[in-house]
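Results of the structural survey
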Amino acid sequence: MSQTKQVEEKWLTKWEDAHIFEADPDPSKQKIMVTFPFPYMNGPLHVGHAFSASRVDVYARFKRMQGYNVLWPWAWHWTGQPLLGASQRVAKGDQTYIKILHEVDGVPEEQIQKFVDPKIMAQYYTSEGKKIARRIGFSVDWRREFTTVYPTFQKFIEWQYKNLKDLGYVTRGTHPVVWCPKDQSPTGDHDRQTGEGVTPDEYTIIKYKLDENTILPAATFRPETIYGTTNIWINPDATYVEAKVNNENWIISQEAVEKLKEQQKTITINRTLQGKELVGKTFENPLTHDKLPILPGWFVNTKTATGIVYSVPAHAPFDWLALKDLQQKPETLQQFNINPQMVLQIKPISIIEIDGYGEYPAEEIIKQMGIKNQHDPKAEQATKELYKKEYHSGKLKPNCESYANKSIKEIKTQLATNLEKLGISDKMYDLSEQVTCRCTTTCIVKILQDQWFLNYTNPEWKEKAKQVIAQMKIYPETARTNFYTTIDWLKEWACARTTGFGTPLPGGNGWIIETLSDSTMYMAFYTINKHITQNNITPEALTPQVFDYIYHGKGNKTQISKTTNITTQLLDEMRKEFLYWYPFDLRNSAKELVPNHLSFCIFHHAALFPPQHWPKSIGVNGMLMVEGQGMHKSKGNFITLKNAIDKYGADATRCGLMIGAEGMDDPDWKAENINEIKNKFETLTTFATNILTTPQQQENTQLEHWLQNKIQQRIQEVTQNLEELKTRTALQTALFETWNDIKWYIQRKGNTNTTTLTDTIKTWIKLLTPFAPYMCEELWSQTNQTNFISTTPWPKPDETKIDITAEEQENLITDILTDTQNILKATKITPTKIVIYTAAQWKWQIYLNILEKTKTGETKISEFMKEYTNTPELKPHIKNIATLIPKIIKTTTKLSQTRKTNHIKIQQTNEKQTIQNATEFFKERFNAEIQVYNEEETDRYDPKNRAQTAIPYQPAIYIE
RNA sequence: GCAGGGGUCGCCGAGCAUGGCCAAAGGCGUAGGCUUCAGGAGCCUAUCCUGCAGAGGUUCGUGGGUUCAAAUCCCACCCCCUGCACCA
């Protein structure tokens, strides 16, 4: 076993034996409850889960060290269809799938066979998942664990839905879905062979009249164009049927029959006919009562909608092209006994006005784009473009009667409704592209009846949900708008299905609450599930009254106790536990859950809980990429969390993920980088161990002050970033920046170990504990501490250790270092002797004076000169001062505001002393003799007379 | 189409809200040196261009603009990513 693994196992056992992550209410401590959306158990935990969950764990561990009573519960999602589907694939002997289970998920052969039972499959992944969640070091209170098929949990969901129903938020209605006629079930994206992302399009059907009794239902997306109708197109070579459709006589394409049957239409076919039978006849526009001709259109696709198309040549490029085409082919028309003269006389009817176009926009766009005929692929593009323009900026013309002068955008829906009221239109759904089910059947649209919905359209509910968001913290803040737009955009959500695991909808006649709808409030269940399991409370005992009492404080506990056999004491304890933990303080997940799960969570809390129990904050993060690509089992880049931990260890896996990204950016998992972190941790362990186990000396020089000062800054930075869930910045600072500070100190100090260094290392590993808990425990144990670092107080910045003088003195050293290197680079000389000259006493007076004045904006050189000429002690230097002033002004403008302030605060320091203290360091660095003089020393070595160029914080340098 | 997020010096990625501390943090990679039996790892140094004195020049998707001053502000354009519903 690797050493990393040994260390992990050791500390995991110790933590669990000491129960340090089990949290019970403690009124003396402030609480923090953090949560992570429970993972779906149709597969193993992967590094994507680990990314989101690690952020939660880092925050939990950080807050725990800060002294909060932290609860971090976990559960497993079993509800829904995919688990069943997966199990069925095994049952069918799907070898591709079985191979994936074996090779990617790492499921043993004999185990896979048992997966024909979906429960066994889910149970397997759940127990494996738990092992891994423990190994990665998540500081979870496992006493609250459950799966969504626990009967006790289902009682909670029943209570939730009973309440939602009482509030009127659960409604029934119809809903169009993509449907597989063979499977007799909705075909979601995951079940499709082709047509991913295709959704039902709603067409308006205009009921043109062939005669008194017969209707030609023509489908359109643009019902307003009914006013511009000039003719109907029928494909002469296609097969149509005459059928009784809901008591009306319709002529539709043969293909339309099956579709309409699934859309609340009863259809009896009377006869079949060829399209050409209709061509040449006339029909009536039901709105304008115009009598118009039916013309042959071979472009009409009978697979789309009703197979009947009406023509609006003024605004539809295809119609224009087809009409012009026919007008030039009298012989074709004669074949259908149509008078060519009549067709020539058809005038497009212009009904829409748009800027930049005249009478016939269709004609104009055709000419602009140089489209030759209806078979030109650009015609499609022209259509789209014109539709878009007319929709967004088009206005209806006076010939559109009461809709005249109205913009299409604002009138469209109303116009469609009005037509329907007049009985001259209907609705139909169809798919814009071919959708094929996994079973190879072509899908259609079905209108599901008696669907159960969560009515997110309800304006009061929306308003309340917005209030929940308004009082929440969102990390990162930029995600807040996403939530608001989601709330506005959500409409009725079909919340039940007929198959899969889950909780039956109360009074739902066999409908089961679907997976996204049963996982909105369960964080409240965590607070009491501990008591339910510990006291073996049966599902039967968990009546709505029990939950009412616990969550709403409603009802009489003595009464409830009598009917349920739950003691009043236990009822109170559960109520107390809920009140202590709730609301949750943080819920963190990937951004893809914003438009659904996270927003649902907000809606449901808004509905069922009072403001004091509304969520405190939500964190959102990016989607994990693997080597630059989305992670997919089929792509072969799927990384299970188990594999990652086995290979890199828990700490490196956690930190590799955390260093990847924060905010909404997508982190990229690169094996090379994770390995690098693993190596870094090995080095860090040796590095820190060496220091921690070496005897120290008490020293108190400028360098110690500098290091102490620096570490205070780092504590401050890491703390602040963690507060805002900026895990990447926090880890970067804690790991690399702090390490660099320590390395610099050691470089400057040489081989002496000091108490300051040791103390700094201790602080350092505390800062790293939320990220790499195992490594830090191990290092902590080497400091002869008997407690866990995981429960050690988080460091706080110590004001008394902030030392700007030490910082500026060290800045002086680094400035000299870079300047010298710069000179060496430019001159390409190998130094034998480096001489450093610090500025004269009188220069300080001027330097500080100028700094003070430039701060307020005064930079007139003449003013300065005047002032200094009148200062007796400066007068002797006045010649030099003239050249010095512009130089100082120039250097100070380059200084940061903080450093300027610091320089003023510090006033003068003994630069010569500071540099002399670093002589050894410079000597070693440049392998040259180092001399330091003050400009005012007369016996200085200064062959080139450089010393006079020295100014405070910028000593002169001479190199031989 | 609708909505949201982005394009920074080889790569990843800070910075952009509050314009000047920015040739632009940090990590990776690369090069040189040290250490090591060797491999790996580690440590140190360098890493836009130019420069015989601590300097100058050209960069932050493209093109304009505002300003003494723009990676940062404004306008236009190009490109990339994610979600869009019955599904976790």
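Here's what I pulled together on the structure shown here.

**Quick look at helix α13 (residues 378-393)**
End to end, α13 covers 22 Å across 16 residues, agreeing with the expected 22 Å (1.5 Å per residue, within 8%). Along α13, the positions that sit buried rather than exposed are A379, A382, T383, L386 and E390. What you see down the axis of α13 is that its buried residues fit within an arc of 100 degrees, all on one side. Along α13, the residues that are exposed and aim more than 90 degrees away from the buried face are K384 and K388. Those residues of α13 hidden inside the fold are in contact with α9 (317-327), β15 (352-353), α12 (361-368) and α14 (408-421).

**Focus: the environment of L84**
Note on placement: L84 falls in helix α3 (residues 82-91). A sequence separation of 431 residues divides L84 from T515, and the C-alpha atoms of the two residues are 13 Å apart. Beyond its immediate sequence surroundings of up to four residues, L84 is in contact with P118, G500 and F501.

**Looking at the packing of helix α24 (residues 671-692) against helix α26 (residues 727-749)**
Look at α24 against α26: their axes get within 13 Å of each other, and the N-to-C directions meet at 45 degrees. Viewed along their axes, α24 and α26 adopt a mutual orientation that is oblique. With respect to the hand of their crossing, α24 and α26 are arranged in left-handed fashion. In this structure, α24 contributes K680, F681, T683, L684, F687 and I691 to the contact, and α26 contributes L735, F736, W739, I742 and I746.

**Re the side chain of Q111**
Structurally, the position occupied by Q111 is in helix α5 (residues 109-114). Since its relative accessible area comes to 17%, Q111 is described here as buried.

**Some thoughts on helix α35 (residues 919-926)**
Along α35, the residues that are buried comprise T919, F921, F922 and F926. Seen along its axis, α35 keeps its buried residues to an arc of 160 degrees; they face one direction. Away from its buried face by more than 90 degrees, α35 exposes E920 and E924. Where α35 is buried, its residues contact α26, α29 (804-827), β29 (833-838), α34 (911-917) and β30 (929-934). N927 sits one or two positions beyond α35 and adopts a positive phi of about 55 degrees.

**Some words on the sheet that holds strand β20 (residues 473-475)**
With parallel pairing, the 5 strands of this open sheet are ordered in space as β2-β1-β24-β25-β20. Two strands in the sheet have a free side with no partner beyond their single neighbour: β2 (69-71) and β20. When strand polarity is set aside, the average angle formed by the axes of neighbouring strands in this sheet is 20 degrees. Two elements, strand β1 (residues 31-35) and strand β24 (residues 586-590), share 2 bridges in a ladder whose sense is parallel. When the sheet's bridge partners are listed, T35 is paired in β24 with R587.

**Quick word on the sheet that holds β30**
Read across the sheet, 3 strands follow the order β30-β29-β31 without closing on themselves; strand pairing throughout is mixed. Where the open sheet ends on each side, the last strands, each with one partner, are β30 and β31 (956-959). Each strand axis lies, on average, 20 degrees off the axis of its neighbour in the sheet, ignoring direction. Sheet topology note: the β29/β31 ladder contains 4 bridges and is antiparallel. Across the sheet, residue I834 finds its bridge partner in β31, namely I959. Its contacts with the sheet place α29 against β29 and β31, and it is angled at close to 40 degrees to β31.

**Considering the pattern of salt bridges**
For the structure shown, the criterion picks out 49 salt bridges. For D57, the salt bridge identified is with R654, shortest N-O distance 2.6 Å. Of this pair, D57 sits in helix α2 (residues 47-65) while R654 is found in helix α23 (residues 650-658), placing the two residues 597 residues apart along the sequence. R654 carries the same exposure label as D57, and that label is buried. Linking K261 and E258 is a salt bridge whose minimum nitrogen-to-oxygen distance equals 3.6 Å. With K261 and E258 both in helix α8 (residues 254-261), this residue pair falls 3 residues apart, about one helical turn. Look at the salt bridges and you will find they share partners, linking E22, D24, D141, R143, R144, K530 and E577 into a network.

**Points about the environment of I930**
One can find I930 in strand β30. On the basis of relative accessible area, I930 is assigned to the buried category, the value being 11%. Setting aside residues no more than four positions away along its own chain, I930 makes contact with I834, I836, T919, F922 and K923.

**Section: the protein's contact with RNA strand B**
Lining the immediate environment of RNA strand B, one finds 55 residues, of which Y40, H175, W493, R497 and S896 sit closest. Taken together, the sugar and phosphate atoms account for 59% of what RNA strand B places within 4 Å of the protein. Within the side chain of Q732, an N or O atom sits 3.0 Å from a base nitrogen of RNA strand B. Note that a phosphate oxygen of RNA strand B is positioned 3.1 Å from one of the side-chain N or O atoms of R925. The set of elements that each furnish at least two residues to the surface near RNA strand B consists of α16 (480-489), β21 (492-494), α21 (594-608), α24, α26, α29 and β31. Residue classes in the surface near RNA strand B are distributed as 16 nonpolar, 21 polar and 18 charged.

**Some words on the nonpolar core**
Judged by nonpolar contacts, the single largest core of 125 residues is most densely connected at W72, W74, W669, L684 and F922. The element contributing the most residues to this core is α2, with 10 residues. With residues near it in sequence (within four places) discarded, F922 still touches I813, I816, L817, I915, N927 and I930. One finds A23, C495, I528 and V594 within the second-largest nonpolar core, a separate group that totals 71 residues.

Conventions and cut-offs
Residues numbered from 1 in each chain as written. Chains lettered and ligands numbered in written order. Predicted model: local features only at pLDDT ≥ 70, side-chain atom pairs only at ≥ 80, totals over all residues. Heavy atoms only, no water. Helix = DSSP H or I, 4+ residues; strand = E, 2+ residues; numbered from the N terminus. Expected span 1.5 Å × (residues − 1). Buried < 20%, exposed > 50% of the residue type's maximum accessible area, 1.4 Å probe, protein only. Arc of directions from axis to C-beta. Contact = heavy atoms within 4.5 Å. Axes fitted to C-alpha atoms, helices over the stretch in contact; angles between N-to-C directions. Parallel < 35°, antiparallel > 145°, perpendicular 65-115°, else oblique. Left-handed = near helix turned anticlockwise from the far one by under 90°. Pairing = 2+ DSSP bridges. Salt bridge = Lys/Arg side-chain N within 4 Å of Asp/Glu carboxyl O. Near = heavy atom within 4 Å. Polar contact = N/O pair within 3.5 Å; in protein donor to acceptor, adjacent residues only side chain to side chain. Nonpolar A, V, L, I, M, F, W, Y, C, P; charged D, E, K, R; others polar. Core = buried A, V, L, I, M, F, W, Y, C linked by side-chain atoms within 4.5 Å.

Purely spatial values, then, with no claim about function.
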